[in-house]
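Here are the chains, one letter per residue:
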Amino acid sequence: MTLTEANTSTTPTEKSFQETPKEEHAHRHAHAAPHDLLDAMEAGTVQAEEEPKILHGWNVKLEKLLGVEARGIERVEESDRPDKATIGDFVQIILLWFSANLTLNNLAIGLLGPLVFYVGLKDAMLVGTFGTIAGSVGTAYISTFGPLSGNRTLVVARYTFGWWPSKIAVLLNMVIMLGYGLVDCLIAGQLLSAVANGSMTVIVGTIIAAIISLVVALFGIKLFHTYERYAFIPQILVLFILIGVAGPKFNASSATVGPSEVAVADRVSFFFLAASAPLAWSPAACDFFVYFPPSCNRWKVFGSTLLGLGLSSVIMVLIGVGLGSGALANTEWADAYDVSAGALVVQALRPLGSFGDFCAVILSLGLIANNIPGTYSAALCFQLLGRWFRRVPRWFWVIVSVIIYTVCACAGRNQLFAIFEDFLALMGYWTIMWCTMTLEEEHIFRRKIGYNWSDWNKPSKLPLGVAAFTAFCIGWVGAVLCMYQVYFIGPIAKMVGDGIDLGFPVAAAWTGLCYPPLRWLELKYLKR
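Residues numbered from 1 in each chain as written. Predicted model: local features only at pLDDT ≥ 70, side-chain atom pairs only at ≥ 80, totals over all residues. Heavy atoms only, no water.

Some thoughts on the overall build of the chain
Note the threshold: In this text, helices come from DSSP runs of H or I with a minimum length of four residues, and strands from runs of E with a minimum of two, each type numbered from the N-terminal end. For this analysis, residues touch if any pair of their heavy atoms sits within 4.5 Å. Here, Shrake-Rupley sampling with a 1.4 Å probe gives the accessible areas, and only protein chains in the shown set may cover a residue.
Assigned secondary structure in the chain consists of 21 helices and zero strands. Across the chain, every contact between residues at least 6 apart in sequence was considered, and the portion connecting residues at least 24 apart equals 85%. Total accessible area on the chain is roughly 19,900 Å²; 69% of this is exposed by carbon and sulfur atoms.

Here is the structure:
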């Protein structure tokens, strides 16, 4: 199977909706720059079918006066996108993913290797690296549909799940994005509170991070892309400092605990946990690139996403593994970790005095770069819930999203890592099933006919979703039987060591085996 650019034709057909004839183009932009997206926003002419005129009027005013993105889930037509992508555009893809994931929430994943799974430093670094790369591949594949279709990610899901079942994916993605908002703001609040020696509460720090995230996500794609282009710079500088200060205390001699079968089970469980984090971006991967031209080489989009997402996530997981190994051998670090992950980072920087506190503040604010794209995507998910939700502009749902995860973060601040560990595994289960079905749909059933992207909002033109929903449920059965979580241990998971989490690969395998025959039957008898 290969990622190939869709065929073009002189007239749109069922086989090819990848390029609109030039004579049909209402206007063309002089350059393809994702950071100049106001040129592609049609100056307020985008209006949802259900959007009241008064709200549309406000959208137009906000877009013209403040640069607030008026577009929600509406497809970006080929005529409203630039002709070609430049090298700078692919660099922008790399930087967006790199900035969004060079953040402490991914460091927290690395901590779980030594501190929860008791995997030694060398083992955890190897397992975490390969797991992270594996998860990044799925998100990189889904990201290629953004320029190709001009549709948001879970609009693309309608071409597999159909109109109504796709709303299940929408709800699950809202859990992911709002959950990450909770984690990001809470870790930022912990860091700020630790730096202030408790004079600033975790709640106040959480609210500060949430407000900054709100401002950037509220304005939309232009400010979002601009922010992410530079957000990694202070982060990478401070991380170099953190490695230099804390590195000597990493416990390089630590070994994986337990007999061989237990050690293997723990390594495998940590591998799939590490894969779950970058794969969690897959239901949002198209959202940020719908203004890119459909002529974008899919392999370049794939490679740019994989490089930016994979590299940044691996860096943070490796640092987290190092800190976790050190916490097992260093009493001061262990005591700090008992307070919070943020306090552990502050303690690691403690030898630098007040400059170390400054570095910790930079790291805490860096979490905003991870939170912004999640908030942006969550707002789009609200519009996908139904026609009444679509009547409300994107920027309003941004405000609702921030309120939800800020309140949840403040209320659940004392149970973060227990929630985070369970949360990550569940994300991996359903996202891998969806990616598997999307891959099979494209390369088996649409290999010749392609996609008619203009049907994105026509339920009668989309699959009924019976095959996808059935395969999805079967995949969940496999995940439940093979999951190893605090709240439930599947009967198959109990058979290896003290327990092994195989929900991720088994869910993918069962879904992948069931979907093709079910989809064939759906096409044969239901004709959609």
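Some details on helix H11 (residues 232-246)
An α-helical turn contains 3.6 residues, so a residue and the one three or four places further along point in the same direction. Rule in force here: Here, expected helix span is obtained from the residue count minus one, scaled by 1.5 Å. Only protein chains enter the accessibility calculation, which uses a 1.4 Å probe; a residue is then buried when its area is under 20% of its type maximum, exposed when over 50%, and partly exposed in between.
Compared with an ideal rise of 1.5 Å per residue, which puts 15 residues at 21 Å, H11 spans 20 Å between its outermost C-alpha atoms and is within 8% of the ideal. All of the buried residues along H11 are Phe232, Gln235, Ile236, Val238, Leu239, Leu242, Val245 and Ala246. Of the surrounding elements, those touching the buried residues of H11 are helix H2 (87-101), helix H10 (221-230), helix H13 (298-329), helix H14 (331-339), helix H15 (341-348) and helix H16 (354-384).

Description of the packing of helix H4 (residues 121-143) against helix H12 (residues 260-279)
Defined as follows: Throughout, an axis means a line fitted to C-alpha atoms (over the contacting stretch in the case of helices), and angles, computed between N-to-C directions, take values from 0 to 180 degrees. These descriptions rest on fixed angle ranges, namely under 35 degrees for roughly parallel, over 145 for roughly antiparallel, 65 to 115 for roughly perpendicular, and the rest for oblique. In this scheme, a crossing is called left-handed if the near helix is turned counterclockwise away from the far one by less than a right angle; it is called right-handed if the turn is clockwise.
Between H4 and H12, the least distance of the axes is 7 Å, while the angle of their chain directions is 40°. By the criterion of interaxial angle, the relationship of H4 to H12 is oblique. For H4 against H12, the interelement crossing comes out right-handed. When H4 is examined against H12, the residues Asp123, Ala124, Val127, Gly128, Phe130, Gly131, Thr132, Ala134, Gly135, Ser136, Gly138 and Thr139 are found in contact with a partner set consisting of Arg267, Phe270, Phe271, Ala274, Ala275, Pro278 and Leu279.

With respect to unusual backbone geometry
Even without a glycine there, the phi angle at Tyr118 is positive, about 55°. One can find Tyr118 in the loop between helix H3 (104-115) and H4. By relative accessible area, which is 45% here, Tyr118 ends up partly exposed.

Let's talk about H14
The condition is simple: Picture the helix axis, draw a direction to every C-beta atom, and the arc is the one those directions span. Think of a polar contact as two N or O atoms within 3.5 Å of one another; within protein, one of them needs to be a possible hydrogen donor and the other a possible acceptor, and neighboring residues in sequence only count if both atoms come from side chains.
Considered for burial, the residues of H14 that qualify are Trp333, Ala336 and Tyr337. When H14 is viewed along its axis, its buried side chains cluster within an angular range of 100° and face the same direction. Of the exposed residues in H14, those oriented more than 90 degrees away from the buried face are Thr331, Asp338 and Val339. Where H14 is buried, its residues contact H3, H11, H13 and H15. Two or three places before Glu332, at the start of H14, stands the capping residue Asn330, its side-chain oxygen 2.9 Å from that residue's backbone nitrogen.

Describing a nonpolar patch on the surface
Test applied: The patches described consist of residues with a relative accessible area above 30% and no salt bridge, like charges being joined within 9 Å and nonpolar side chains (Val, Leu, Ile, Met, Phe, Trp, Tyr) within 5 Å. Salt bridges are defined as contacts in which a side-chain nitrogen from Lys or Arg sits within 4 Å of a carboxyl oxygen from Asp or Glu.
Residues Leu464, Val466, Trp520, Leu521, Tyr525 and Leu526 make up a contiguous nonpolar surface patch of roughly 590 Å² in combined accessible area. The element best represented in the nonpolar patch is helix H21 (residues 503-526), accounting for four residues. Among the secondary structure elements, Leu464 is positioned in the loop between helix H19 (416-445) and helix H20 (466-482). For Leu464, a relative accessible area of 35% puts it in the partly exposed group.

Structural notes on the nonpolar core
The following threshold applies: The set of buried Ala, Val, Leu, Ile, Met, Phe, Trp, Tyr and Cys residues whose side-chain atoms join them within 4.5 Å is what this entry labels a nonpolar core.
Of all hydrophobic cores here, the largest spans 141 residues; its most connected members are Trp97, Phe288 and Leu323. Here the element with the most residues in this core is helix H8 (residues 166-195); it accounts for 16 residues. When residues no more than four places from it in sequence are discounted, the contact partners of Leu323 are Leu107, Leu111, Ala246, Phe250, Trp333, Leu344, Val345 and Ala348.

Points about the side chain of Thr438
Inspection of the secondary structure assignment puts Thr438 in helix H19. For Thr438, a relative accessible area of 2% translates into the label buried. Setting aside its immediate chain neighbours within four residues, Thr438 contacts Tyr141, Ile142, Phe145, Thr160 and Tyr451.

Considerations on the confidence of the model for the chain
Going by this rule: Along the chain, pLDDT gives the predictor's confidence residue by residue, from 0 to 100.
Counting all residues, the mean pLDDT for the chain is 85, and 85% of those residues have values of 70 or more. For the stretch residues 1-35, pLDDT sits under 50, and the model shows 82 contacts to residues farther than four places along the chain or on other chains. Across residues 40-45 the pLDDT falls below 50, and counting only partners more than four positions away or on other chains, this stretch makes 20 contacts in the model.

Remarks on the environment of Trp434
Examined against the element boundaries, Trp434 turns out to sit in helix H19. According to the relative accessible area criterion, Trp434 is buried, its value standing at 0%. In this structure, the C-alpha to C-alpha distance between Trp434 and Ser282, residues 152 residues apart in sequence, is 9.1 Å. Excluding anything up to four places from it in sequence, Trp434 contacts Ile142, Thr153, Leu154, Ala157, Phe161, Ser282 and Pro283.

Considerations on the packing of aromatic side chains
Here is the rule we go by: Under the pairing criterion, centres of Phe, Tyr and Trp rings, with the six-membered ring standing for Trp, must be within 6.5 Å; the plane angle then separates stacked pairs below 30 degrees from edge-to-face pairs above 60, leaving the rest tilted. Geometrically, a charge over a ring is one whose NZ (Lys) or CZ (Arg) sits within 6 Å of the ring centre while staying within 35 degrees of the ring normal.
Summed over the entire model, instances satisfying the criterion amount to 29 aromatic pairs. For the ring pair Trp281 and Phe288, a centre distance of 6.5 Å and an interplane angle of 75° mean the geometry is edge-to-face. This pair shows no difference in class: Trp281 is buried, exactly as Phe288 is. Taken together, the ring pairs in this structure connect Trp97, Tyr180, Phe224, Trp281, Phe288, Phe289, Phe292 and Tyr376 into an aromatic cluster. It is Arg298 that lies over the ring of Phe145; its NZ or CZ is 4.9 Å from the centre.

A word on the packing of H3 against H8
Cut-off, in case you're wondering: For this classification, Asp, Glu, Lys and Arg are treated as charged, while Ala, Val, Leu, Ile, Met, Phe, Trp, Tyr, Cys and Pro are nonpolar and the rest, including Gly, are polar.
In the contact formed by H3 and H8, the axes pass within 9 Å of each other and the chain directions differ by 90°. Considering the angle they form, H3 stands roughly perpendicular to H8. Of the residues in H8, those in contact with Leu104, Asn105 and Ala108 of H3 are Tyr180, Val183, Asp184, Ile187 and Leu191. Class assignment for the residues of the contact of H3 with H8 results in six nonpolar, one polar and one charged.

Let's talk about the side chain of Ser149
Secondary-structure assignment places Ser149 in helix H5 (residues 145-149). Residue classification places Ser149 among the buried positions, given a relative accessible area of 0%. Looking at Ser149, its side chain comes within polar contact range of the main-chain oxygen of Phe145, at 2.6 Å. Not counting residues up to four positions away in its chain, the partners in contact with Ser149 are Arg75, Arg81, Val156 and Trp453.

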